[in-house]
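Here is what each chain is made of, one letter per residue.
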Amino acid sequence: MYINSIKESVTEIRKSLPAGVVLVAAAKTRSPEEVQAAIDAGIKILGYNYLQEAERIYQIIGNKVQWHMIGHLQRNKVKIAVDLFDMIETIDSVKLAEEVNKRCAAISKIMPVLIEINSGKELNKTGVLPEDVDKLVKPISSLPNLRVQGLMTMGPRFGSPEDARQYFKATKLAFDRLSKAGIHNVEMRYLSMGMSNSYKVAIEEGANIVRVGTKLFGERSYPKY
Ligand SMILES: *Cc1c(COP(=O)(O)O)cnc(C)c1O
């Protein structure tokens, strides 16, 4: 996509978002020039699915923006990931959380994390089922170098954004339940839901982080999930 149309898309979407909704540019497969264009137009957070790709772009862009991990994080990559990322949106097991805690402790870093919810209850999908999140959050809450700050979900992919609504609702329900539970060291501040085709519905259902790729940068030449 031409650099100018990226700047226009970013500007348009930023203007359309209600106050308090944070825009994460889902930047997988985009060139450094495309990413820089988005930053020039006001993007402050980049989301990456793969550590290696994030590292490569980080060499060029650096820490003038924030970096969110939005893909599945492998435990053997945590050491590098905690150095690079400012938030990990995809914690879905105690084991992964413990590894993040250990690696953060080693570099004296406190890592904000979101718990990933498998709201579509899809087999082979990462994330914890909405009804199981409470019992995952309890042990994670005692890890001193992690701060649970909310929930994230992908939801199944549909043509119609309306079809995603029920999964956003299910995630919001878990979010509200955890807010009320008042667990020490756990704060339900961020609800990260919605992508290019569904972010408006997600905001209606309570999202305050949206992760948008295609609508900012154009179609990806190959889908990489
Ligand atoms: C790619 C991706 C997005 C953005 O998807 P688009 O449809 O391109 O907006 C959001 N979240 C995650 C986890 C992604 O991998």
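All figures in this text were calculated on a predicted structure; none of them were measured in a lab.

**Describing the overall build of the protein chain**
1) Next: Assigned secondary structure in the protein chain consists of nine helices and eight strands.
2) Next: What you see for the protein chain is a C-alpha radius of gyration of 17 Å, in line with the 17 Å of a compact globule of 225 residues.
3) Next: C-alpha extents for the protein chain along the principal axes are approximately 45 × 40 × 35 Å.
4) Next: Taking all 225 residues of the protein chain together, 54% fall into the buried category.
5) Next: Counting contacts in the protein chain only where the partners sit at least 6 residues apart, residues at least 24 apart contribute 61% of the total.
6) Next: For the protein chain, the exposed surface amounts to about 10,700 Å²; the carbon and sulfur share of it is 50%.

**Overview of the site of the ligand**
1) Next: By nearness alone, 13 residues border the ligand, and Lys28, Asn49, Ser196, Gly213 and Thr214 come closest of all.
2) Next: In this structure, Thr214 approaches the ligand through a side-chain N or O atom, which is 2.6 Å from an oxygen atom.
3) Next: Separating an oxygen atom of the ligand from a side-chain N or O atom of Arg220 is a distance of 2.8 Å.
4) Next: Of the residues belonging to the shell around the ligand, the class tally is six nonpolar, four polar and three charged.

**Focus on the pattern of salt bridges**
1) Next: Overall, the coordinates contain twelve salt bridges when judged by the stated rule.
2) Next: Close ionic contact of Lys125 with Glu122 constitutes a salt bridge, the shortest N to O distance being 2.9 Å.
3) Next: Overall, Lys125 belongs to the partly exposed group, its relative accessible area being 36%.
4) Next: You can call Glu122 partly exposed: its relative accessible area is 27%.
5) Next: Among the ionic contacts, a cluster of salt bridges with common partners joins Glu162, Arg165, Lys169, Glu204 and Glu205.

**As for the environment of Val201**
1) Next: As for its placement among the helices and strands, Val201 is situated in helix H8 (residues 199-204).
2) Next: Separated by 165 residues in the primary sequence, Val201 and Gln36 place their C-alpha atoms 28 Å from one another.
3) Next: Each residue touching Val201, except ones within four places of it in the same chain, is listed here: Pro161, Glu162, Arg165 and Phe168.

**A closer look at the pairing of strand S1 (residues 22-26)**
1) Next: Buried residues dominate S1, accounting for four of its five residues.
2) Next: Alignment of S1 against strand S8 (residues 209-212), held across four bridges, turns out to be parallel. Bridge assignment links Val22 to a residue of S8, and that residue is Ile209.
3) Next: With helix H2 (residues 32-40) bridging S1 and its parallel neighbour strand S2 (residues 45-48), the resulting β-α-β unit is right-handed.

**Some details on the side chain of Asn101**
1) Next: Note on placement: Asn101 falls in helix H5 (residues 94-106).
2) Next: Once you skip the residues sitting within four places of it in the chain, Asn101 turns out to touch Leu143, Pro144, Asn145 and Leu146.

**Thoughts on the packing of aromatic side chains**
1) Next: A full pass over the atoms with the stated rule returns two aromatic pairs.
2) Next: Ring plane angle 20 degrees and centroid distance 5.6 Å describe the contact between Tyr48 and Trp67, whose orientation is recorded as stacked. Placement of Tyr48 in strand S2 and of Trp67 in strand S3 (residues 66-69) is noted, with a sequence separation of 19 residues between them.

What counts as what
Residues numbered from 1 in each chain as written. Predicted model: local features only at pLDDT ≥ 70, side-chain atom pairs only at ≥ 80, totals over all residues. Heavy atoms only, no water. Helix = DSSP H or I, 4+ residues; strand = E, 2+ residues; numbered from the N terminus. Rg over C-alpha atoms; globule rule 2.2 N^0.38 Å. Buried < 20%, exposed > 50% of the residue type's maximum accessible area, 1.4 Å probe, protein only. Contact = heavy atoms within 4.5 Å. Areas by Shrake-Rupley, 256 points an atom, 1.4 Å probe, with all protein chains shown as cover. Near = heavy atom within 4 Å. Polar contact = N/O pair within 3.5 Å; in protein donor to acceptor, adjacent residues only side chain to side chain. Nonpolar A, V, L, I, M, F, W, Y, C, P; charged D, E, K, R; others polar. Salt bridge = Lys/Arg side-chain N within 4 Å of Asp/Glu carboxyl O. Pairing = 2+ DSSP bridges. Right-handed = clockwise from strand over helix to strand, strands pointing away. Phe/Tyr/Trp six-rings, centres within 6.5 Å; stacked < 30°, edge-to-face > 60°.

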